[in-house]
Amino acid sequence: MSVSKINVAIIGATGIVGSTLLSILEERQFPINQLYLLASARSAGETRNFKDKLYGIENITHFNFSQTQLCFFCASNSIAAEYAPKAAALGNIVIDKSSYFRYDPAVPLIIPEVNPEAFATAHRKNIIASPNCSTIPIAMVLKPIYDSVGIKRINIATYQSVSGTGKDAVSELAEQTIQLLNGMPIEAKVYSQQIAFNILPHIDDFMENGYTKEEMKMVWELQKIFNDDTMGVNPTAVRVPVFYGHSAAVHIETTKKITAQQATDLLNKAKGVQLHEGKQPYPTPAVDAAGKDAVYVGRIREDVSCENGLNLWVVGDNLRKGAALNAVHIAEQIMLKADMTVG
């Protein structure tokens with residue numbers, strides 16, 4: 001990338017997404033001049049390694065955002081609400097992974113492979129929102145089909161790994177597995193009940209309409225990303241005992257008829273999407289997606305119950321393209337579009 005190096009801050013650097021983001025920035029040789037790792041007072045003083053150098057974690061409450069040009073927010077809604085506008089007001093481009101700004105009409109919600117035209121409005125607040133970790137892979141698979149024949153309605157059932165909740169949830173699944181295999185009583189702290197060898201159709205809080213907030217995020221976000229509030233979205237979000245990688249059974253009704261082969265041909269050309277074909281015509285989160293950048297799709301078949309129906313199985317690493325990698329892809333595009341030189 002032939003661009004100037006810039007000063008970068010990662011807010012939430014000690015969390016599971018922040019840690020993944022740090023690794024991806026190093027892998028992709030992102031042009032960083034000065035790096036600042038920020039977190040709450042609880043994590044201040046810890047260290048993280050980047051390019052064989054140790055960086056101290058700084059307390060966000062004491063940080064001067066005039067030192068940076070680009071800020072990745074990998075923290076809670078409350079942190080984003082308080083500090084992202086401050087960082088943006090001091091000239092930073094803010095890329096936020098929380099859900100706080102996603103539904104703000106003045107803030108673009110971007111997947112570079114899906115709606116790059118949304119970059120045109122990034123200057124309004126200097127804040128760009130990155131979608132939910134389930135929305136991103138689904139939208140990437142739907143994009144070429146939507147552009148070709150239109151989509152009237154989507155039914156989605158997600159199967160989401162515990163890493164989507166964070167480090168404590170990963171530990172809880174491991175601990176409960178050990179407890180069960182050794183005949184010990186189960187301790188549920190992160191989730192409302194046992195997650196090991198179990199599935200929970202419950203992600204985030206339940207809303208008045210009976211859907212969870214995680215499910216409604218997919219409704220709001222897909223309609224915003226495709227700029228189409230007439231597209232029906234009916235999701236069920238399920239937490240499963242998988243460490244890394246989210247999966248989704250996606251059933252769509254298209255505006256015009258499309259065959260499975262035609263959809264396969266379109267997806268074979270889609271940027272960031274990899275078709276999974278072979279003896280077992282489907283990808284899995286643990287074997288295929290975990291640690292990988294691509295979004296995988298398989299089991300593409302026509303719906304036997306609906307004339308214009310199509311079924312797909314979608315899998316992606318929720319920490320990479322579902323979170324940190326999408327944020328980095330956004331940053332890379334921003335740097336190609338603007339002269340973000342160090343002062």
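First, a word on scope: everything that follows refers to the structure included in this document. (Residues numbered from 1 in each chain as written. Predicted model: local features only at pLDDT ≥ 70, side-chain atom pairs only at ≥ 80, totals over all residues. Heavy atoms only, no water.)

**Overview of the overall build of the chain**
The number of helices and strands found in the chain is eight helices and 13 strands. The C-alpha atoms of the chain give 20 Å as radius of gyration, which agrees with the globular expectation for 343 residues (20 Å, within 12%). C-alpha atoms of the chain, sized along the principal axes, occupy 60 × 55 × 40 Å. Counting all 343 residues of the chain, 53% fall into the buried class. Partitioning the contacts of the chain with sequence separation of at least 6, the portion at a separation of at least 24 is 67%. Surface accessibility of the chain: about 15300 Å² in total, with carbon and sulfur atoms responsible for 49%. The positive charge centre, built from 31 side chains, and the negative charge centre, built from 34, are 3 Å apart in the chain. (Helix = DSSP H or I, 4+ residues; strand = E, 2+ residues; numbered from the N terminus. Rg over C-alpha atoms; globule rule 2.2 N^0.38 Å. Buried < 20%, exposed > 50% of the residue type's maximum accessible area, 1.4 Å probe, protein only. Contact = heavy atoms within 4.5 Å. Areas by Shrake-Rupley, 256 points an atom, 1.4 Å probe, with all protein chains shown as cover. Lys, Arg positive; Asp, Glu negative; His and termini not counted. Charge placed at Lys NZ, Arg CZ, Asp CG, Glu CD.)

**Some remarks on the packing of aromatic side chains**
Tallied over the full model, the rule gives nine aromatic pairs. Here the aromatic rings of Phe 30 and Phe 72 are separated by 6.4 Å at their centres, their planes lie at 70°, and the arrangement is edge-to-face. In this pair, Phe 30 is assigned in the loop between helix 1 (16–27) and strand 2 (32–39) and Phe 72 in strand 5 (residues 70–73), connecting sequence segments 42 residues apart. Ring centres of Tyr 103 and Trp 220 lie 5.1 Å apart, and the angle between their planes is 70°; this geometry places the pair in the edge-to-face category. On the criterion of sequence distance, the pair formed by Tyr 103 in the loop between strand 6 (93–96) and strand 7 (127–129) and Trp 220 in helix 5 (residues 213–225) is long-range, its members being 117 residues apart. (Phe/Tyr/Trp six-rings, centres within 6.5 Å; stacked < 30°, edge-to-face > 60°.)

**Notes on the pattern of salt bridges**
The full count for this structure, using the stated rule, is 14 salt bridges. For Glu 221, the salt bridge identified is with Arg 102, shortest N-O distance 3.0 Å. One end of the pair, Glu 221, is in helix 5; the other, Arg 102, is in the loop between strand 6 and strand 7, and 119 residues separate them in sequence. Between Glu 302 and Lys 257 there is a salt bridge, with its nearest N and O atoms 3.2 Å apart. Taken together, the positions of Glu 302 in strand 12 (residues 295–302) and Lys 257 in the loop between strand 10 (246–254) and helix 6 (260–267) put the pair 45 residues apart, joining distant regions of the chain. (Salt bridge = Lys/Arg side-chain N within 4 Å of Asp/Glu carboxyl O.)

**So, the sheet that holds strand 13 (residues 309–316)**
The strands that make up a sheet are held in pairs by hydrogen bonds between backbone atoms, and each pair lies either parallel or antiparallel. Read from one edge of the open sheet, six strands run 9-8-10-13-12-11, paired in mixed fashion. Each edge of the open sheet carries a strand with a single partner, namely strand 9 (232–239) and strand 11 (273–275). Strand-to-strand twist across the sheet, computed as the mean angle between neighbouring axes with direction ignored, equals 20°. Both strand 10 and strand 13 contribute to a ladder of eight bridges, which runs antiparallel. If you follow Ile 252 over to strand 13, its bridge partner there is Leu 310. (Pairing = 2+ DSSP bridges. Axes fitted to C-alpha atoms, helices over the stretch in contact; angles between N-to-C directions.)

**Digging into the nonpolar core**
One finds Phe 65, Ile 154 and Leu 312 to be the most contacted residues of the largest nonpolar core, which totals 60 residues. By residue number, the principal contributor to this core is helix 3 (residues 135–149), which donates nine residues. Within the second largest apolar cluster, 46 residues are counted, among which are Leu 22, Cys 74, Val 162 and Ala 331. (Core = buried A, V, L, I, M, F, W, Y, C linked by side-chain atoms within 4.5 Å.)

**Some thoughts on helix 1**
In an α-helix, one turn spans 3.6 residues, which is why side chains three or four residues apart end up on the same side. Its twelve residues give helix 1 an end-to-end C-alpha distance of 17 Å, which sits within 8% of 16 Å, the value for a rise of 1.5 Å per residue. Listing the buried residues of helix 1 in full gives Ile 16, Val 17, Gly 18, Thr 20, Leu 21, Leu 22, Ile 24 and Leu 25. On its buried face, helix 1 is in contact with strand 1 (6–11), strand 2, strand 3 (47–50), strand 5, helix 4 (167–181) and helix 8 (320–337). Looking one or two residues beyond helix 1, the residue adopting positive phi is Gln 29, at roughly 55°. (Expected span 1.5 Å × (residues − 1).)

**A look at the layout of surface pockets**
Space inside the largest pocket adds up to approximately 1400 Å³. For the largest pocket, the lining is made up of 46 residues, of which Cys 74, Ala 75, Gly 164, Thr 165 and Gly 166 are closest to its centre. At the level of elements, helix 1, helix 2 (77–89), helix 4, helix 5 and helix 8 are the ones that each hand at least two residues to the lining of the largest pocket. Within the lining of the largest pocket, the residues separate by chemical class into 16 nonpolar, 20 polar and ten charged. (1 Å grid on protein atoms, 1.4 Å probe; cavity = no way out; pocket = protein on both sides within 12 Å on 5 of 7 lines; lining within 4 Å. Points joined across faces, edges and corners; volume = space filled by probe spheres on them. Nonpolar A, V, L, I, M, F, W, Y, C, P; charged D, E, K, R; others polar.)

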